[in-house]
Amino acid sequence: MDDIISLNNIDYSYYGKIPALKNVNLSVKKGEMFSIIGLNGSGKSTLLHIINGLIFPDSGEVLFDGNPVTEKSLHDKNSRMQLRQRMSYIFQNPDIQLFCPTVLDELLFGPLQLSIPFETAQERAEQTLSYLGIGFLKDRPVYMLSGGEKKKVAIASVLTMNPDILLIDEPLSSLDPKTQTFFIELLLELNHAGKTIIFTTHHLDLIDHLQPRVAVLSEEHTIRKTGTASEILGDEEFLISVNLIHEHTHKHGNEEHKHYHTHYVFHKH
Ligand SMILES: Nc1ncnc2c1ncn2[C@@H]1O[C@H](COP(=O)(O)OP(=O)(O)O)[C@@H](O)[C@H]1O
Ligand SMILES: [Mg+2]
(Lines give C-alpha, C1' and ligand atoms only; values in the text may rest on other atoms or scores of the structure.)
(Ligands and ions follow the chains in the order given, each with its own letter.)
Protein backbone atom coordinates (compact mmCIF):
# COMPACT_ATOMS: atom_id res chain seq x y z
CA MET A 1 0.00 0.00 0.00
CA ASP A 2 2.99 2.32 -0.42
CA ASP A 3 1.92 3.14 -3.98
CA ILE A 4 2.48 6.81 -4.59
CA ILE A 5 0.70 6.71 -7.95
CA SER A 6 -1.92 4.32 -9.30
CA LEU A 7 -3.71 4.47 -12.60
CA ASN A 8 -6.75 2.26 -12.99
CA ASN A 9 -8.35 1.55 -16.38
CA ILE A 10 -7.34 4.87 -17.93
CA ASP A 11 -8.69 5.80 -21.36
CA TYR A 12 -7.78 9.03 -23.08
CA SER A 13 -8.33 10.40 -26.54
CA TYR A 14 -7.66 13.89 -27.90
CA TYR A 15 -10.85 15.69 -29.00
CA GLY A 16 -12.70 12.43 -28.45
CA LYS A 17 -11.26 10.96 -31.63
CA ILE A 18 -7.45 10.56 -31.51
CA PRO A 19 -6.79 7.65 -29.17
CA ALA A 20 -3.75 8.11 -26.92
CA LEU A 21 -4.26 5.65 -24.03
CA LYS A 22 -6.45 2.56 -23.77
CA ASN A 23 -7.23 0.77 -20.54
CA VAL A 24 -3.93 1.67 -18.90
CA ASN A 25 -3.21 0.25 -15.45
CA LEU A 26 -0.04 0.90 -13.52
CA SER A 27 1.22 1.68 -10.07
CA VAL A 28 4.45 3.26 -8.89
CA LYS A 29 5.86 2.82 -5.42
CA LYS A 30 7.40 5.53 -3.25
CA GLY A 31 11.10 5.91 -4.06
CA GLU A 32 10.87 3.80 -7.18
CA MET A 33 12.63 4.44 -10.50
CA PHE A 34 9.96 3.71 -13.08
CA SER A 35 10.07 4.01 -16.84
CA ILE A 36 7.42 4.13 -19.55
CA ILE A 37 8.82 2.97 -22.86
CA GLY A 38 7.27 2.85 -26.30
CA LEU A 39 7.56 4.13 -29.84
CA ASN A 40 6.72 7.68 -30.89
CA GLY A 41 3.00 8.28 -30.60
CA SER A 42 2.37 5.35 -28.25
CA GLY A 43 1.09 7.71 -25.52
CA LYS A 44 4.07 8.25 -23.17
CA SER A 45 3.79 12.04 -22.85
CA THR A 46 0.01 11.82 -22.52
CA LEU A 47 0.48 9.39 -19.65
CA LEU A 48 2.83 11.81 -17.82
CA HIS A 49 0.35 14.67 -18.38
CA ILE A 50 -2.37 12.56 -16.79
CA ILE A 51 -0.19 11.59 -13.80
CA ASN A 52 0.57 15.29 -13.28
CA GLY A 53 -3.10 16.32 -13.46
CA LEU A 54 -2.53 18.51 -16.52
CA ILE A 55 -5.22 16.64 -18.42
CA PHE A 56 -7.88 14.26 -17.12
CA PRO A 57 -8.79 10.82 -18.43
CA ASP A 58 -12.04 10.14 -20.32
CA SER A 59 -12.55 7.25 -17.94
CA GLY A 60 -10.64 5.47 -15.20
CA GLU A 61 -9.08 6.63 -11.97
CA VAL A 62 -5.82 8.39 -11.04
CA LEU A 63 -4.69 8.13 -7.42
CA PHE A 64 -1.91 10.19 -5.88
CA ASP A 65 -0.89 8.86 -2.47
CA GLY A 66 -4.28 7.11 -2.32
CA ASN A 67 -6.33 10.23 -3.17
CA PRO A 68 -8.17 10.70 -6.47
CA VAL A 69 -6.76 13.32 -8.83
CA THR A 70 -9.66 14.84 -10.77
CA GLU A 71 -10.52 18.19 -12.26
CA LYS A 72 -12.76 18.70 -9.24
CA SER A 73 -10.19 17.64 -6.61
CA LEU A 74 -7.66 20.09 -8.07
CA HIS A 75 -10.12 22.95 -7.63
CA ASP A 76 -9.43 22.51 -3.95
CA LYS A 77 -6.41 24.66 -3.11
CA ASN A 78 -4.92 22.22 -0.59
CA SER A 79 -5.08 19.23 -2.94
CA ARG A 80 -3.64 21.31 -5.74
CA MET A 81 -0.78 22.59 -3.56
CA GLN A 82 -0.06 19.04 -2.32
CA LEU A 83 0.28 17.79 -5.87
CA ARG A 84 2.26 20.76 -7.19
CA GLN A 85 4.54 20.81 -4.15
CA ARG A 86 5.33 17.11 -4.22
CA MET A 87 5.38 16.37 -7.94
CA SER A 88 7.30 18.16 -10.68
CA TYR A 89 7.32 17.68 -14.42
CA ILE A 90 10.38 18.18 -16.60
CA PHE A 91 9.12 18.58 -20.14
CA GLN A 92 10.89 17.11 -23.13
CA ASN A 93 11.41 20.57 -24.58
CA PRO A 94 12.87 23.04 -22.05
CA ASP A 95 11.64 25.97 -24.16
CA ILE A 96 8.11 25.19 -22.97
CA GLN A 97 9.23 25.29 -19.37
CA LEU A 98 11.41 28.39 -19.19
CA PHE A 99 9.88 31.84 -19.32
CA CYS A 100 11.56 34.08 -16.70
CA PRO A 101 13.97 36.93 -17.57
CA THR A 102 17.06 35.23 -16.07
CA VAL A 103 18.24 31.82 -14.94
CA LEU A 104 18.11 32.88 -11.28
CA ASP A 105 14.52 34.11 -11.66
CA GLU A 106 13.68 30.78 -13.19
CA LEU A 107 15.03 28.93 -10.15
CA LEU A 108 13.24 31.22 -7.70
CA PHE A 109 9.88 31.09 -9.46
CA GLY A 110 8.74 27.63 -8.26
CA PRO A 111 9.58 28.02 -4.56
CA LEU A 112 8.07 31.52 -4.43
CA GLN A 113 4.88 30.18 -6.05
CA LEU A 114 4.78 27.64 -3.23
CA SER A 115 5.01 30.49 -0.69
CA ILE A 116 8.49 29.51 0.46
CA PRO A 117 10.23 32.52 2.10
CA PHE A 118 12.49 34.51 -0.23
CA GLU A 119 15.72 33.81 1.75
CA THR A 120 15.07 30.06 1.70
CA ALA A 121 14.26 30.17 -2.01
CA GLN A 122 17.49 32.04 -2.65
CA GLU A 123 19.53 29.56 -0.60
CA ARG A 124 18.00 26.68 -2.54
CA ALA A 125 18.69 28.40 -5.84
CA GLU A 126 22.36 28.96 -4.94
CA GLN A 127 22.76 25.35 -3.79
CA THR A 128 21.09 23.97 -6.90
CA LEU A 129 23.15 26.16 -9.24
CA SER A 130 26.32 24.89 -7.64
CA TYR A 131 25.09 21.26 -7.51
CA LEU A 132 24.46 21.34 -11.26
CA GLY A 133 27.63 23.34 -11.99
CA ILE A 134 25.74 26.21 -13.66
CA GLY A 135 26.44 29.07 -11.23
CA PHE A 136 28.11 31.01 -14.05
CA LEU A 137 24.76 31.11 -15.91
CA LYS A 138 22.89 32.71 -13.02
CA ASP A 139 22.29 36.15 -14.57
CA ARG A 140 21.93 35.03 -18.17
CA PRO A 141 18.69 35.44 -20.06
CA VAL A 142 17.35 32.01 -20.90
CA TYR A 143 17.39 32.63 -24.65
CA MET A 144 21.18 32.96 -24.44
CA LEU A 145 21.67 29.33 -23.39
CA SER A 146 22.55 26.20 -25.37
CA GLY A 147 20.07 23.33 -25.53
CA GLY A 148 21.94 21.34 -22.86
CA GLU A 149 22.19 24.39 -20.60
CA LYS A 150 18.46 25.04 -20.99
CA LYS A 151 17.75 21.47 -19.96
CA LYS A 152 19.98 21.88 -16.88
CA VAL A 153 18.14 25.09 -15.96
CA ALA A 154 14.78 23.34 -16.46
CA ILE A 155 15.90 20.59 -14.07
CA ALA A 156 17.32 23.13 -11.62
CA SER A 157 14.06 25.10 -11.63
CA VAL A 158 12.27 21.95 -10.55
CA LEU A 159 14.84 20.86 -7.96
CA THR A 160 14.51 24.16 -6.08
CA MET A 161 10.95 23.05 -5.26
CA ASN A 162 12.42 19.90 -3.72
CA PRO A 163 9.71 17.58 -5.06
CA ASP A 164 9.34 13.95 -3.91
CA ILE A 165 8.34 12.83 -7.37
CA LEU A 166 9.93 13.78 -10.67
CA LEU A 167 8.21 13.16 -13.98
CA ILE A 168 10.74 13.42 -16.79
CA ASP A 169 9.74 13.21 -20.43
CA GLU A 170 12.57 11.83 -22.61
CA PRO A 171 15.42 12.90 -20.30
CA LEU A 172 18.13 12.48 -22.92
CA SER A 173 16.48 14.09 -25.90
CA SER A 174 18.63 16.60 -27.79
CA LEU A 175 21.56 16.31 -25.37
CA ASP A 176 25.15 15.65 -26.39
CA PRO A 177 26.80 12.46 -25.04
CA LYS A 178 28.62 14.27 -22.21
CA THR A 179 25.44 15.94 -20.95
CA GLN A 180 23.57 12.65 -21.35
CA THR A 181 26.07 10.96 -19.02
CA PHE A 182 25.67 13.85 -16.58
CA PHE A 183 21.89 13.36 -16.52
CA ILE A 184 22.07 9.61 -16.14
CA GLU A 185 24.28 10.09 -13.05
CA LEU A 186 21.98 12.83 -11.76
CA LEU A 187 18.89 10.62 -12.07
CA LEU A 188 20.65 7.85 -10.15
CA GLU A 189 21.73 10.28 -7.42
CA LEU A 190 18.25 11.74 -7.06
CA ASN A 191 16.74 8.28 -6.86
CA HIS A 192 19.31 7.21 -4.25
CA ALA A 193 18.37 10.33 -2.30
CA GLY A 194 14.84 8.89 -2.09
CA LYS A 195 13.04 10.62 -4.95
CA THR A 196 10.48 8.74 -7.00
CA ILE A 197 11.42 9.10 -10.65
CA ILE A 198 9.10 8.35 -13.54
CA PHE A 199 10.57 8.88 -16.99
CA THR A 200 9.72 8.06 -20.58
CA THR A 201 12.14 6.91 -23.22
CA HIS A 202 12.55 4.89 -26.36
CA HIS A 203 16.25 4.30 -25.60
CA LEU A 204 16.65 0.73 -24.45
CA ASP A 205 20.24 1.41 -23.40
CA LEU A 206 18.95 3.98 -20.89
CA ILE A 207 16.83 1.20 -19.38
CA ASP A 208 19.93 -0.95 -19.23
CA HIS A 209 21.84 1.83 -17.44
CA LEU A 210 19.23 2.84 -14.90
CA GLN A 211 17.52 -0.53 -14.32
CA PRO A 212 14.09 0.95 -13.58
CA ARG A 213 10.87 -1.02 -13.41
CA VAL A 214 9.40 -0.74 -16.88
CA ALA A 215 5.96 -0.48 -18.44
CA VAL A 216 5.84 -0.96 -22.21
CA LEU A 217 3.24 1.01 -24.16
CA SER A 218 2.38 -0.46 -27.54
CA GLU A 219 1.48 1.36 -30.72
CA GLU A 220 -2.12 0.46 -29.84
CA HIS A 221 -1.75 2.68 -26.71
CA THR A 222 -2.08 -0.16 -24.22
CA ILE A 223 0.43 -1.42 -21.69
CA ARG A 224 1.65 -4.67 -23.14
CA LYS A 225 4.00 -5.68 -20.35
CA THR A 226 5.36 -4.46 -17.00
CA GLY A 227 8.49 -5.86 -15.40
CA THR A 228 12.02 -5.28 -14.19
CA ALA A 229 14.52 -3.88 -16.67
CA SER A 230 16.13 -7.30 -17.07
CA GLU A 231 12.78 -9.05 -17.59
CA ILE A 232 11.93 -6.58 -20.36
CA LEU A 233 15.36 -6.41 -21.99
CA GLY A 234 15.78 -10.17 -21.76
CA ASP A 235 12.61 -10.88 -23.75
CA GLU A 236 13.82 -10.41 -27.30
CA GLU A 237 10.72 -11.93 -28.86
CA PHE A 238 8.51 -9.48 -26.98
CA LEU A 239 10.67 -6.47 -27.93
CA ILE A 240 10.43 -7.46 -31.58
CA SER A 241 6.65 -7.86 -31.28
CA VAL A 242 6.30 -4.24 -30.07
CA ASN A 243 8.82 -2.97 -32.66
CA LEU A 244 11.34 -1.77 -30.09
CA ILE A 245 14.05 -3.84 -31.73
CA HIS A 246 14.25 -5.30 -35.19
CA GLU A 247 16.28 -7.81 -37.09
CA HIS A 248 19.16 -6.36 -38.97
CA THR A 249 21.49 -7.90 -41.52
CA HIS A 250 24.83 -6.44 -42.44
CA LYS A 251 28.19 -7.41 -43.81
CA HIS A 252 31.64 -7.63 -42.26
CA GLY A 253 33.80 -7.93 -45.36
CA ASN A 254 32.19 -10.80 -47.22
CA GLU A 255 30.65 -12.37 -44.17
CA GLU A 256 27.00 -11.72 -43.53
CA HIS A 257 25.74 -11.27 -39.96
CA LYS A 258 22.25 -11.14 -38.62
CA HIS A 259 21.47 -9.59 -35.26
CA TYR A 260 18.93 -7.48 -33.42
CA HIS A 261 19.23 -3.86 -32.54
CA THR A 262 17.07 -0.96 -31.52
CA HIS A 263 15.84 1.53 -34.06
CA TYR A 264 17.25 4.52 -32.33
CA VAL A 265 20.67 4.01 -30.91
CA PHE A 266 23.85 4.02 -32.89
CA HIS A 267 25.49 0.71 -32.33
CA LYS A 268 28.88 -0.86 -32.91
CA HIS A 269 29.16 -3.98 -35.03
N1 LIG B 1 -2.13 17.89 -28.45
C2 LIG B 1 -2.52 16.83 -29.18
N3 LIG B 1 -3.59 16.90 -30.00
C4 LIG B 1 -4.00 15.84 -30.72
N5 LIG B 1 -3.39 14.64 -30.70
C6 LIG B 1 -2.32 14.50 -29.90
C7 LIG B 1 -1.84 15.58 -29.09
N8 LIG B 1 -0.75 15.15 -28.40
C9 LIG B 1 -0.59 13.85 -28.76
N10 LIG B 1 -1.53 13.46 -29.65
C11 LIG B 1 -1.69 12.11 -30.25
O12 LIG B 1 -1.85 11.17 -29.18
C13 LIG B 1 -1.11 10.00 -29.42
C14 LIG B 1 -0.11 9.81 -28.26
O15 LIG B 1 0.82 10.87 -28.29
P16 LIG B 1 1.96 11.12 -27.22
O17 LIG B 1 1.40 10.90 -25.87
O18 LIG B 1 2.57 12.43 -27.51
O19 LIG B 1 2.96 9.91 -27.57
P20 LIG B 1 4.52 9.73 -27.23
O21 LIG B 1 4.87 10.68 -26.15
O22 LIG B 1 4.65 8.30 -26.86
O23 LIG B 1 5.26 10.03 -28.50
C24 LIG B 1 -0.45 10.18 -30.79
O25 LIG B 1 -1.27 9.57 -31.75
C26 LIG B 1 -0.44 11.68 -30.98
O27 LIG B 1 -0.51 12.03 -32.34
MG1 LIG C 1 6.32 12.16 -26.10
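The present account deals with the structure reproduced in this document. (Residues numbered from 1 in each chain as written. Chains lettered and ligands numbered in written order. Predicted model: local features only at pLDDT ≥ 70, side-chain atom pairs only at ≥ 80, totals over all residues. Heavy atoms only, no water.)

**Side note on unusual backbone geometry**
A positive phi angle is found at asparagine 162, which is not glycine, with a value near 50°. Mapping asparagine 162 onto the fold places it in the loop between helix H6 (147–159) and strand S7 (165–168). Its identity is not glycine, yet histidine 221 carries a phi of approximately 70°, on the positive side. One can find histidine 221 in the loop between strand S9 (213–217) and strand S10 (223–228). (Helix = DSSP H or I, 4+ residues; strand = E, 2+ residues; numbered from the N terminus.)

**Examining the site of ligand 1**
What surrounds ligand 1 is a group of 13 residues, the closest being Gly41, Gly43, Lys44, Ser45 and Thr46. One of the backbone N or O atoms of glycine 43 is found 3.0 Å from an oxygen atom in ligand 1. In this structure, an oxygen atom belonging to ligand 1 sits 2.8 Å away from a side-chain N or O atom of lysine 44. For ligand 1, whose accessible area on its own is 560 Å², the fraction buried by protein is 65%. For the shell around ligand 1, the secondary structure elements donating two or more residues are strand S2 (18–29) and helix H1 (44–51). By residue class, the composition of the shell around ligand 1 is six nonpolar, six polar and one charged. (Near = heavy atom within 4 Å. Polar contact = N/O pair within 3.5 Å; in protein donor to acceptor, adjacent residues only side chain to side chain. Areas by Shrake-Rupley, 256 points an atom, 1.4 Å probe, with all protein chains shown as cover. Nonpolar A, V, L, I, M, F, W, Y, C, P; charged D, E, K, R; others polar.)

**Focus: the pattern of salt bridges**
Taken as a whole and assessed by the stated rule, the structure comprises nine salt bridges. Between lysine 30 and aspartate 65 there is a salt bridge whose closest N-O contact spans 3.7 Å. Highlighted residues: lysine 30 in the loop between S2 and strand S3 (33–37) and aspartate 65 in the loop between strand S4 (59–64) and strand S5 (67–68), separated in sequence by 35 residues. What makes lysine 30 partly exposed here is its relative accessible area of 47%. (Salt bridge = Lys/Arg side-chain N within 4 Å of Asp/Glu carboxyl O. Buried < 20%, exposed > 50% of the residue type's maximum accessible area, 1.4 Å probe, protein only.)

**Description of the sheet that holds S2**
Sheet strands line up and pair through hydrogen bonds in the backbone, either parallel or antiparallel. Reading across the sheet, the four strands line up as S2-S1-S4-S5 and stay open at both edges, with antiparallel pairing between neighbours. In this open sheet, the two edge strands, each paired with only one partner strand, are S2 and S5. As judged from the two bridges shared by S4 and S5, these two strands associate in the antiparallel manner. Note on S5: the bridge partner recorded for leucine 63 is proline 68. With respect to the sheet, H1 is in contact with strand S1 (3–14), S2 and S4, its orientation differing from that of S1 by roughly 125°. (Pairing = 2+ DSSP bridges. Contact = heavy atoms within 4.5 Å. Axes fitted to C-alpha atoms, helices over the stretch in contact; angles between N-to-C directions.)

**A word on the sheet that holds strand S8 (residues 196–201)**
Strands sit in the order S6-S7-S8-S3-S9-S10 across an open sheet of six strands; the sheet is mixed. Looking at strand neighbours, the two that pair on one side only are strand S6 (87–90) and S10, the edges of this open sheet. With direction set aside, neighbouring strand axes in the sheet form an average angle of 15°. Pairing geometry for S3 and S8, over five bridges, is parallel. Each bridged residue has a counterpart across the sheet, and for isoleucine 37 the counterpart in S8 is threonine 201. On top of the sheet, helix H2 (residues 77–86) reaches S6 and S7; it is set at about 55° to S6, its chief contact.

**Things to note about H6**
The terminal C-alpha atoms of H6 lie 18 Å apart, and with 13 residues this matches the ideal 18 Å at 1.5 Å per residue to within 8%. Buried residues dominate H6, accounting for eleven of its 13 residues. Of the residues making up H6, those classed as buried are Gly148, Lys150, Lys151, Lys152, Val153, Ala154, Ile155, Ala156, Ser157, Val158 and Leu159. In this fold, the buried residues of H6 make contact with S6, helix H3 (94–97), helix H4 (103–113), helix H5 (118–131), S7 and helix H7 (177–192). (Expected span 1.5 Å × (residues − 1).)

**Notes on the pairing of S2**
Here S1 pairs with S2 via eight bridges, running antiparallel. The partner of aspartate 3 across the bridge, within S2, is lysine 29. What sits between S1 and S2 in their antiparallel hairpin is a turn of three residues, with tyrosine 15 showing a positive phi close to 55°.

**Digging into the packing of H4 against H5**
Relative orientation of the contacting elements H4 and H5 amounts to 130°, with a least axis distance of 9 Å. Relative to H5, H4 is oriented oblique. The interaxial crossing formed by H4 with H5 has right-handed handedness. Residues Val103, Leu104, Leu107, Leu108, Pro111 and Leu112 of H4 touch H5, and the partners they reach there are Phe118, Ala121, Gln122, Ala125, Thr128 and Leu129. Residue composition of the contact of H4 with H5, by class: ten nonpolar, two polar and no charged. (Parallel < 35°, antiparallel > 145°, perpendicular 65-115°, else oblique. Left-handed = near helix turned anticlockwise from the far one by under 90°.)

**Description of the packing of aromatic side chains**
Applying the stated criterion to the full structure yields four aromatic pairs. Taken together, a centroid distance of 5.0 Å and an interplanar angle of 85° make the contact between phenylalanine 99 and phenylalanine 109 edge-to-face. Of the two residues, phenylalanine 99 is situated in the loop between H3 and H4 and phenylalanine 109 in helix H4; the sequence distance between them amounts to ten residues. Relative accessible area serves as the criterion here: at 54%, phenylalanine 99 is assigned to the exposed category. According to the relative accessible area criterion, phenylalanine 109 is partly exposed, its value standing at 36%. (Phe/Tyr/Trp six-rings, centres within 6.5 Å; stacked < 30°, edge-to-face > 60°.)

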